[in-house]
Amino acid sequence: GPGEATKLTLFDVSPKNLSLEVGTMSGVTVAVAGTGQYDTGWTAVSGNAAVASIEENGLIRALSVGTSIITFTPMETNVAAGVGNVTVTVTVTAA
C-alpha cells in the first residue's frame, strides 16, 4: 500500500536455458514483484551479440552458431536480499 517501503522482492527470468536455431527467435518471461512504488523495468545485455540479441520486449533472436549469456538486470535499486541479476544461457545451432 501507500505506506509501504519500496522494495523489489522478486526478479526472475524463465526459461534459464534456450536452444535455438539460427534465424529463429524465442521470448522469455520476466517476473517482477515487490512492495511500494517499485520500478517494474529491466534491462538486458547479450554477452555475445553476434550469436544472440535481446529486444526490449524480451524477444531473443538467434543470429549465428555459438553460445551467449544474456544478463537481465532490474531497474529498481531497492532490492531484497538475494534479488538481482538473472542470466539466461542461449545456445544457437545451425538451421
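Owing to the predicted nature of the structure, the values given are computational and were not obtained by experimental measurement.

Colleague: Explanation requested: unusual backbone geometry in the structure shown.
Modeller: Peptide bonds are, in most cases, trans, and in most cases residues other than glycine have a negative phi. The peptide bond linking S14 to P15 adopts the cis configuration, its omega dihedral lying at -5 degrees. Residue position: P15 is located in the loop between strand 1 (7-14) and strand 2 (17-21).

Colleague: What's the story with the environment of T93 in this structure? I'm lost.
Modeller: Mapped onto the elements of the fold, T93 is located in strand 9 (residues 86-93). Separated by 25 residues in the primary sequence, T93 and S68 have C-alpha atoms spaced 12 Å apart. Not counting residues within four places of it along the chain, the set of residues in contact with T93 comprises L20, E21, V22 and V65.

Colleague: For this particular structure, what's the right way to read the pattern of salt bridges?
Modeller: Close approach of charged atoms allows side chains of opposite charge to pair. A full pass over the atoms with the stated rule returns two salt bridges. A salt bridge links K16 to D12, with the shortest nitrogen-to-oxygen separation between them at 2.7 Å. For R61, the salt bridge goes to E55, with nearest N and O atoms at 2.7 Å. By relative accessible area, which is 30% here, R61 ends up partly exposed.

Colleague: Can you help me understand the side chain of S46 in this one?
Modeller: Mapped onto the elements of the fold, S46 is located in strand 5 (residues 42-46). Within the local environment of S46, its side chain forms a polar contact with the backbone oxygen of N48, the two atoms lying 3.2 Å apart. Among the polar contacts made by the side chain of S46, one reaches the side chain of S68 at a distance of 2.8 Å.

Colleague: Quick question: what am I supposed to make of the pairing of strand 2 here?
Modeller: It is a general feature of regular strands that their side chains alternate between the two faces of the sheet. Where burial is concerned, the two faces of strand 2 differ: the one with L18 and L20 is buried and the one with N17, S19 and E21 is not. Where strand 2 and strand 9 come together, five bridges link them in parallel fashion. Within strand 9, the position partnered with E21 by the bridge is T93.

Colleague: Just checking my understanding: could you explain the nonpolar core for this structure?
Modeller: Counting residues in each nonpolar core, the largest one holds 19 residues, and the members touching the most others are F11, V13, V28, I60, I70, F72 and V90. Elements supplying a minimum of two residues to this core: strand 1, strand 2, strand 6 (52-54), strand 7 (59-62), strand 8 (66-74) and strand 9. At four residues, strand 9 tops the list of elements feeding residues into this core. For V90, the contacting residues outside a window of four places in its chain are L18, L20, A52, I60, G66, T67, S68 and I70.

What counts, and where the lines are drawn
- Residues numbered from 1 in each chain as written.
- Predicted model: local features only at pLDDT ≥ 70, side-chain atom pairs only at ≥ 80, totals over all residues.
- Heavy atoms only, no water.
- Helix = DSSP H or I, 4+ residues; strand = E, 2+ residues; numbered from the N terminus.
- Contact = heavy atoms within 4.5 Å.
- Salt bridge = Lys/Arg side-chain N within 4 Å of Asp/Glu carboxyl O.
- Buried < 20%, exposed > 50% of the residue type's maximum accessible area, 1.4 Å probe, protein only.
- Polar contact = N/O pair within 3.5 Å; in protein donor to acceptor, adjacent residues only side chain to side chain.
- Pairing = 2+ DSSP bridges.
- Core = buried A, V, L, I, M, F, W, Y, C linked by side-chain atoms within 4.5 Å.

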